[in-house]
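Listed here are the chains, written in short residue letters.
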Amino acid sequence: MSNENSNLIVRLLRKIAGAIIPGLLGGAVVGIVESSSISLVTGIAWSSEGLYYYPFLGLAVAVFCAAAVFIIMQIVGRKDSSPSLGAFYFNAAVSFLFFPAIPFLIIDRWFQLEYASVPGFLLLAVLLAIFVSIIFLLEWLYGKLISLIKVGWRTSGIAITIIAYAIIIIVTRTNPLGTVELEPYITSDAEKVKNKPNIILIMLDTLRQDAISPYGGDADTPNLEDFAEDGIIYTSAYNNAPWTKPSIASLMTSLHPLQHGVETYQGIINPEVVTLAKALSDMGYYTVTFQNNPHINTNSNFHIGFNTFTIKEAARRHPKLPQFTLSKRHGLFMMRIVKHFYPTVVVDYFYTAGENITQKGIDWIKDNKDKKFFMYLHYMDPHFPYFEHPYSGYQMGPPGYGKESNPPTDEHLNELKRLYRGEVEYIDTVLGTLFDYLKSEALYDNTFIIVTSDHGEEFYDHGGWGHGNSLYDEQLQANLLVKLPGKEMKGTVDSALTESIDIAPTIVGYVGGEIPNQWEGRNLFSAEPINWTFGKIGLPRYKAESITSREEKLFLNTVHHGDSLKLVELYDMVNDPLERNNLADNPEYQKRVNTLRDTLNSMGTDYVSRSIKSEEMELDKATMEQLKALGYIE
């Protein structure tokens, strides 16, 4: 290698190394602006991931700019030893980090143009030119400033970065769950339920029924096992849909998916529907939720009936913040870069860790001991991606989301199952913290507590991954553990068929409320048993309906992908509980298939006749990105 080339490389490396301080400074400045704006505007602090997130990005951008600027300066003949270049790296980092927010505000909001259109592209080019001009202006001003105070840019960068870090630590000390105060609580109503128990409904997202020890699972879940011994285990519990949005809609409205119509990502609960929260609120309960699934949001009307609705919005956008804040336009874009290099920040990108949900619930109870309450806690941790515990930053997701033609290696499959089991055990620990607090405050015995799940998870059981793509038991079965006040019916095992639509009327009925006429579910403590549960999925990629009894299951697939799914499937649930042998292919069972098909169609027609029309919303880009990250859409 020639001396000239060697010197060029040395200078390039020196210039890249020299970008570290202004890079950290640039990232810190952007982080402090956004975290402070969220803290001041909403009254809540931003996530502590900002300590790593913005400075890391500032550093990465500055390194890139350092290399680019060095090369440009060599071409134009400018010496690279000028101290003002440090200011350039700083301004380049800041500008690049802020830049995604500005075009969104101007192009999308003011001019309502698409970036891909000719006018949008030209406007973007003009904005870029303006930004470059501003960068050079800031460079000049910054150079003048440090010359005036006779402090080098490196020294000033170190000082300002330390100050910025100190401020970020203060304003990013809590978790980014935004709380929306909705219906005002009429304190006089509390008199109506002063002798009633508090109610806590715990939703464990993506938890297979066979994963936890009360159902014979191999995960070590002692807290759930103790909880199950204090109450009732329903061994034949089913959800009405195999993915979150329609499943939770069914739970909250006590309506089948065919009735509430919330079957796609855009579905909205009809405001005329009486939700579980609304029914309990009308009784006099204070209704509050702490949860962070992007499907369960105010846009979809899941807040109806809640006095306080808390959610981690897509891209951490609080409802009070303007749409063009950095977290809205910039966070998701940059996080896709960060998660490849700094995996420990990824968990908060996907959802809020379970320990924070529990702490939010505990803190609220501490501050509201005078209220009779219904609290809904939704934990996302068993959901893809599966993180290692204790948190190390290591995580994995399934190789696909849906049906796959190539089977995984045993090593890969076992590793996915190991991480999933770790998530389940972590959630058990988190619930133990909640239960221990309730016991320490003498609240546990007198609180009506329900633990359930919205769907399961497939680990190539039937040639696929995840959920929302079949109606097999690994996706459709639910966990349902119920602890009554005073540990009534302690140690009961109930094998009767139950559906998620039964949970709302069971709660309202037990505390003496009037069950709304429009609800389809049954009070499990007083109603007659049912012969069939009804399952439905209505996504564009997969549409199917099923009926399940304790003896058999039939489902009809009208839209499906993959050779492993047949149009008609029939299973003997007694002798083939893993649903391996499709009897619909056997001519001897055609008469039974036809009979059950008529039963399924009749039930569906009956439900539709009592349906309540739903609406659809348009998903914003940030929500779309978060749903992509969680694997729901491609």
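It should be noted that the structure appears before, not after, this text.
Cut-offs used in this document
- Residues numbered from 1 in each chain as written.
- Predicted model: local features only at pLDDT ≥ 70, side-chain atom pairs only at ≥ 80, totals over all residues.
- Heavy atoms only, no water.
- Helix = DSSP H or I, 4+ residues; strand = E, 2+ residues; numbered from the N terminus.
- Buried < 20%, exposed > 50% of the residue type's maximum accessible area, 1.4 Å probe, protein only.
- Areas by Shrake-Rupley, 256 points an atom, 1.4 Å probe, with all protein chains shown as cover.
- Phe/Tyr/Trp six-rings, centres within 6.5 Å; stacked < 30°, edge-to-face > 60°.
- Lys NZ or Arg CZ within 6 Å of the ring centre and 35° of its normal.
- Contact = heavy atoms within 4.5 Å.
- Polar contact = N/O pair within 3.5 Å; in protein donor to acceptor, adjacent residues only side chain to side chain.
- Arc of directions from axis to C-beta.
- Patch = residues over 30% accessible without salt bridge, like charges linked within 9 Å, V, L, I, M, F, W, Y side chains within 5 Å.
- Salt bridge = Lys/Arg side-chain N within 4 Å of Asp/Glu carboxyl O.

Quick notes on the overall build of the chain
In terms of helices and strands, the chain carries 20 helices and 19 strands. Across the 634 residues in the chain, those meeting the buried criterion constitute 58%. A total of about 26,400 Å² of accessible surface is found on the chain, and carbon and sulfur atoms cover 57% of it.

Notes on the packing of aromatic side chains
Counting across every chain of the model gives 16 aromatic pairs. Measuring from ring centre to ring centre gives 5.4 Å for tyrosine 460 and tryptophan 465, while their planes differ by 45°; the resulting arrangement is tilted. Ring pairing ties together the aromatic residues Phe227, Phe435 and Tyr444, which thus form one cluster. It is lysine 371 that lies over the ring of tyrosine 286; its NZ or CZ is 5.3 Å from the centre. One Lys or Arg, lysine 439, reaches over the ring of tyrosine 444 and ends 4.8 Å from the middle of that ring.

Description of the environment of leucine 413
Following the sequence through the fold, leucine 413 ends up in helix α16 (residues 410–440). Take leucine 413: its relative accessible area is 15%, and that puts it in the buried class. Spatially, the C-alpha atom of leucine 413 lies 8.3 Å from that of tyrosine 460, the residues being 47 residues apart in sequence. For leucine 413, the contacting residues outside a window of four places in its chain are Pro408, Phe459 and Trp465.

Structural notes on the environment of lysine 245
Of note, lysine 245 is situated in helix α9 (residues 244–253). Lysine 245 sits 51 residues away from isoleucine 296 along the chain, and the two C-alpha atoms are 6.9 Å apart. A polar contact is formed between the side chain of lysine 245 and the backbone oxygen of glycine 267, at a distance of 2.9 Å.

Some details on helix α8 (residues 222–229)
Residues of α8 that are buried: Leu224, Phe227 and Ala228. Buried residues along α8 cover an arc of 100° about the axis, so they all sit on one side. Looking at the buried positions of α8, the neighbouring elements they touch are β2 (198–204), β3 (232–238), α16, β10 (447–452) and β13 (480–483).

Some details on helix α18 (residues 503–510)
For α18, a buried count of six out of eight residues is recorded, marking the element as mostly surrounded by other parts of the structure. Buried residues of α18: Ile503, Ala504, Pro505, Thr506, Ile507 and Val508, and no others. The inward-facing, buried residues of α18 abut β2, α9, α11 (276–283), β10, β13 and β14 (492–499). Once α18 finishes, glycine 512 follows within two positions and takes phi at roughly 85°, a positive value.

Quick word on a nonpolar patch on the surface
A cluster of nonpolar residues, Val118, Phe121 and Leu122, forms a patch on the protein surface that exposes about 330 Å² of accessible area. Take valine 118: it is sitting in helix α6 (residues 118–148). Using a relative accessible area of 60% as the deciding quantity, one classes valine 118 as exposed.

A short note on the pattern of salt bridges
The tally for this structure, following the rule as stated, stands at 14 salt bridges. Across the salt bridge formed by lysine 487 and aspartate 230, the nearest N and O atoms sit 3.8 Å from each other. Placement of lysine 487 in the loop between β13 and β14 and of aspartate 230 in the loop between α8 and β3 is noted, with a sequence separation of 257 residues between them. Look at aspartate 230 and you get buried, because its relative accessible area is 10%. Aspartate 445 is the partner of lysine 487 in a salt bridge, and the nearest nitrogen-oxygen pair spans 3.8 Å. Taken together, the residues lysine 487 in the loop between β13 and β14 and aspartate 445 in the loop between α16 and β10 connect sequence positions 42 residues apart. Salt bridges sharing common partners tie together Arg208, Asp210 and Asp461.

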